[in-house]
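Given next are the chains, with one letter for each unit.
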Amino acid sequence: MKYDIIIIGAGPGGIFAAYELMQKKPELKVAVFEAGHALKDRRCPIDGDKIKTCIGCKSCSIMSGFGGAGAFSDGKYNITNDFGGTLYEYIGKKRALELMNYVDEINLKYGGFGTKLYTTAGTRFKTVCIQNDLHLLDASVRHLGTDINYVVLENLYNYLKDKVTFYFDTPVLSVKVLNEGYYVKCSNAEYTCDKCIISVGRIGSKWMEEACRDMNIPTKSNRVDIGVRVELPAAVFAHLTDELYESKIVYRTEKYGDKVRTFCMNPKGAVVNENTNGIITVNGHSYEDPAKQTENTNFALLVAKHFSEPFKDSNGYGESIARLSNMLGGGVIVQRFGDLIRGRRSTPSRIEEAFITPTLNATPGDLSLVLPKRILDGIIEMIYALDKVAPGTANEDTLLYGVEVKFYNMEVEVNNNLETKYEGLYIIGDGSGITHSLSHASASGVHVARNITGE
Ligand SMILES: Cc1cc2nc3c(=O)[nH]c(=O)nc-3n(C[C@H](O)[C@H](O)[C@H](O)COP(=O)(O)OP(=O)(O)OC[C@H]3O[C@@H](n4cnc5c(N)ncnc54)[C@H](O)[C@@H]3O)c2cc1C
C-alpha cells in the first residue's frame, strides 16, 4: 500500500500534522499508524477498587492511543516559549507563538469553547515571588481540563476519520529510507510513502533511538527531571491558582545552586500513576467539571539533571531512581513532609491520621531511601521557599509522592523544518526531544504540515 504521507503516532503532534495537511491539501493520501487503541477503547484498568495499581497492560491507555499521552491529561495548553520545549530554537519565537495560538483556536473550535485562558501578564504574584527569591515564568495557559480535552479529541477524530486512514493497535516496527520515499514495516503489512512524519512521543523513546541508529540520524543526550509530586489542601495555593491556574515557579537552591521548579499544577485535581516502559512514576491532572474536582491541589517539584562525558544516559539514571521506588513501594511511594523532615518513614496510620486525604493510593514509605541527597535537599529547600508565598506548603501533612520523573527523548538532529538529513523524513513532538508539552508538540505538527504543503 502506498501513501503520500505516513504519520507514525496519533498524539497531539501527529493529530495536528494530519489536521493541517487536510486543511491545506485534502487531496493528499495520508495514513496514521498508532500503536495504541482508538480513543473510545482507551481505558486504564485502575479503578481504585478492584485494581488499585498499574498492572502493566500491553498497551498503556494513559500513554498510548488516539490523543497520545495527552488524552487523559489535564489539557493545559501553555502558550509560551519559556517552557514546554525548545521549538522556538528551530522555528523562531514569533512563529512558535503564532502556531500555539492557532492550535488554541482549533481546540476552541472543536469543543474547548468557553474554557478559561489564564495569563501571568500583569500579575502581582510576579513581585511577591521575586521578593521571596522565587521566579514566576511568563505564560498564558488554556485549561481544557481532562473532560473537555477528551471532547476536543473526539471531535478532531470525527473530523479526520473520513479524510485520513487510521491504523490503531498497529505499532510501526521500522522505517527504512528508499531511493525515493520511505518503507514502513508493521507486524503483518508493509507500506511505502513519499514523506514520513514520526511523532512517537515519550513512550516511543526507545523505538526512536533505535530508528535513529538504524538510519544513522545523529542524536544528542537530553536532560532528565527528577522529583516528587506535592499534594496539599487546595486552599493553600488558591490565591495563585484562582488567578493563574498554573504557576511555573523556579527557585535556585542556596546549598548547591541547583534550579528547582514547579511543574504541572492541578488545582482541585488528582494524583495519578504513570507507566513509562513498565516503570511506575507519578503525575497529576484535574477536571474542568466542578463535580469531578477534589479538595486538593497537586504539582510537581523537579530538579533537572544534565550529564556530560563519560555518562550520557540521563533517562537511564532517572529510570534507575524510579525503579528503586518501585522496588521499595511496589509502585509509587507517599510520605508526609513532616515524616521526611523527622527522618522517619510514613506508615499507613500516619497517612490516615493526616488532615489531608490522598487522591492516589500509594505505598507509605520513605523517599529519602530513594531520591539522591542533592535532589531531596533541593526539594526540601524549595518547599520552605514556597511556604513564604503560599503559607501551609511546608505543613507536616503535605504529601510527597515519589518519584516523578520527566524523561526527555534524545534530541534528534533536524533542520528548521524539523526535517532530518533525509528529505521528506520529519521528526516532531516529544519524540524529537525538542518539545515537552501539548502546545509545543501540536505546533510542531502544524509547522511540518505547512512546510510539506508549501504554506
Ligand atoms: C498524565 C499526563 C498528564 C499530562 N499533562 C499535560 C498538560 O496538562 N499539559 C501539557 O502541556 N502536557 C502534559 N503532558 C505531556 C503531554 O501529554 C505530551 O507533551 C504530549 O502528549 C506530546 O505529544 P506527542 O504527540 O509528541 O506524543 P504523545 O502524546 O506521547 O503521542 C505519541 C503517540 O505515538 C504512539 N507511538 C509510539 N511509538 C509508536 C510506534 N512505533 N508505532 C506507532 N505508534 C507509536 C504512542 O502510542 C502515542 O500514542 C501530560 C502527560 C501525561 C502522561
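Above this text you will find the structure in question.
Here the structure is a predicted model, which is why all the values come from computation and not from measurement. (Residues numbered from 1 in each chain as written. Predicted model: local features only at pLDDT ≥ 70, side-chain atom pairs only at ≥ 80, totals over all residues.)

Glancing now at the overall build of the chain. Tallying secondary structure elements over the chain gives twelve helices and 22 strands in all. At 21 Å, the chain has a C-alpha radius of gyration in line with the 23 Å of a compact globule built from 455 residues. Dimensions along the principal axes, computed over C-alpha positions, put the chain at roughly 65 × 45 × 45 Å. For the chain, contacts bridging at least 24 residues in sequence account for 77% of all contacts bridging at least 6. (Helix = DSSP H or I, 4+ residues; strand = E, 2+ residues; numbered from the N terminus. Rg over C-alpha atoms; globule rule 2.2 N^0.38 Å. Contact = placed C-beta atoms within 7 Å.)

If you check the shell around the ligand, you find 46 residues, and the closest are G9, G11, G68, G201 and G429. Of all the secondary structure elements, the ones that give two or more residues to the shell around the ligand are α1 (12-24), β3 (76-79), β15 (270-276), β16 (279-285) and α12 (438-453). Residues belonging to the shell around the ligand are distributed by class as follows: 17 nonpolar, 23 polar and six charged. (Near = placed C-beta within 6 Å. Nonpolar A, V, L, I, M, F, W, Y, C, P; charged D, E, K, R; others polar.)

Considering the arrangement of structural elements, one finds R213 in helix α6 (residues 205-215). Judged by local crowding, R213 falls into the exposed class, with 10 C-beta atoms found within 10 Å. Between the C-alpha atom of R213 and that of T453, which follows or precedes it by 240 residues, the distance is 29 Å. (Buried ≥ 20, exposed ≤ 12 C-beta atoms within 10 Å, placed from the backbone.)

Listed in full, the buried residues belonging to α6 are S205, W207, M208 and A211. Looking straight down α6, one finds its buried side chains confined to an arc of 155°; they lie on one side. Those residues of α6 that are exposed and angled more than 90 degrees off the buried face are K206, R213 and D214. Of the surrounding elements, those touching the buried residues of α6 are β8 (172-177), α8 (314-329) and β20 (399-407). Two residues or fewer after α6 comes N216, characterised by a positive phi angle close to 60°. (Arc of directions from axis to C-beta.)

This paragraph deals with the sheet that holds β3. The three strands lie next to each other as β3-β6-β4, forming an open sheet whose pairing is antiparallel. Two strands close off the open sheet at either side, each with one partner strand: β3 and β4 (116-119). For this sheet, the mean angle separating the axes of adjacent strands, direction not counted, is 20°. Direction of pairing for β3 relative to strand β6 (residues 140-143): antiparallel, over a ladder of four bridges. Each residue of the ladder has a partner; that of Y77, found in β6, is R142. (Pairing = 2+ DSSP bridges. Axes fitted to C-alpha atoms, helices over the stretch in contact; angles between N-to-C directions.)

Below, the discussion takes up the sheet that holds strand β12 (residues 224-233). With mixed pairing, the eight strands of this open sheet are ordered in space as β5-β13-β14-β17-β12-β20-β18-β19. Each of the sheet's edge strands pairs with one partner strand only, and the pair in question is β5 (134-136) and β19 (363-364). Where strand β14 (residues 259-266) meets strand β17 (residues 296-305), five bridges bridge the pair, whose relative direction is antiparallel. Paired with N266 across the bridge in β17 is N298.

Here we take up the environment of P218. Position of P218 relative to the elements: it lies in the loop between α6 and β11 (219-220). Distance from P218 to L232, taken between C-alpha atoms, is 43 Å for residues 14 residues apart in sequence.

This next bit is on the packing of helix α3 (residues 93-112) against α12. Two numbers describe how α3 lies on α12: the axes approach to 9 Å, and their chain directions differ by 100°. By the angle between their axes, α3 is roughly perpendicular relative to α12. Contacts between α3 and α12 pair A96, L99, M100, Y102 and V103 from the former with S439, S442, A443, V446 and H447 from the latter. Of the residues contributing to the contact of α3 with α12, the split by class is seven nonpolar, three polar and no charged. (Parallel < 35°, antiparallel > 145°, perpendicular 65-115°, else oblique.)

What follows is about unusual backbone geometry. Omega for the bond connecting G402 with V403 falls within 30 degrees of zero, at 0°, which places this linkage in the cis form. Mapping V403 onto the fold places it in strand β20. Phi is positive for Y245, which is not a glycine, with a value near 60°. Mapped onto the secondary structure, Y245 falls in the loop between α7 (234-244) and β13 (249-252). Look at K268: it is not a glycine, yet its phi comes out positive at around 50°. Judged by local crowding, K268 falls into the partly exposed class, with 17 C-beta atoms found within 10 Å.

Moving on: the nonpolar core. Counting residues in each nonpolar core, the largest one holds 133 residues, and the members touching the most others are I6, A18 and Y401. At eight residues, helix α11 (residues 373-389) tops the list of elements feeding residues into this core. (Core = buried A, V, L, I, M, F, W, Y, C linked by C-beta atoms within 7 Å.)

Counted at 1.5 Å a residue, the expected span for α3 with its 20 residues is 28 Å, but the 25 Å between its end C-alpha atoms falls short. Considered for burial, the residues of α3 that qualify are A96, L99, M100, V103, D104, I106, N107 and G112. Down the axis of α3, the buried set is contained in an arc of 165°. They therefore lie on one face. What points out from α3, more than 90 degrees from its buried face, is the exposed set K94 and E105. Backbone geometry just downstream of α3 places G114 in the positive-phi region, at approximately 95°. (Expected span 1.5 Å × (residues − 1).)

With that settled, consider the pairing of β13. Of the two faces of β13, the one holding I249 and Y251 is buried and the one holding V250 and R252 is not buried anywhere. In terms of strand pairing, β5 meets β13 through three bridges, oriented antiparallel. By the bridge assignment, L134 is partnered in β13 with Y251. Looking at chain direction, β13 and β14 are connected through three bridges and run antiparallel. Looking across to β14, one finds that R252 is bridged to K259. Where β13 folds back onto β14 in an antiparallel hairpin, the turn is made up of six residues, including G257, whose phi is positive at roughly 75°.

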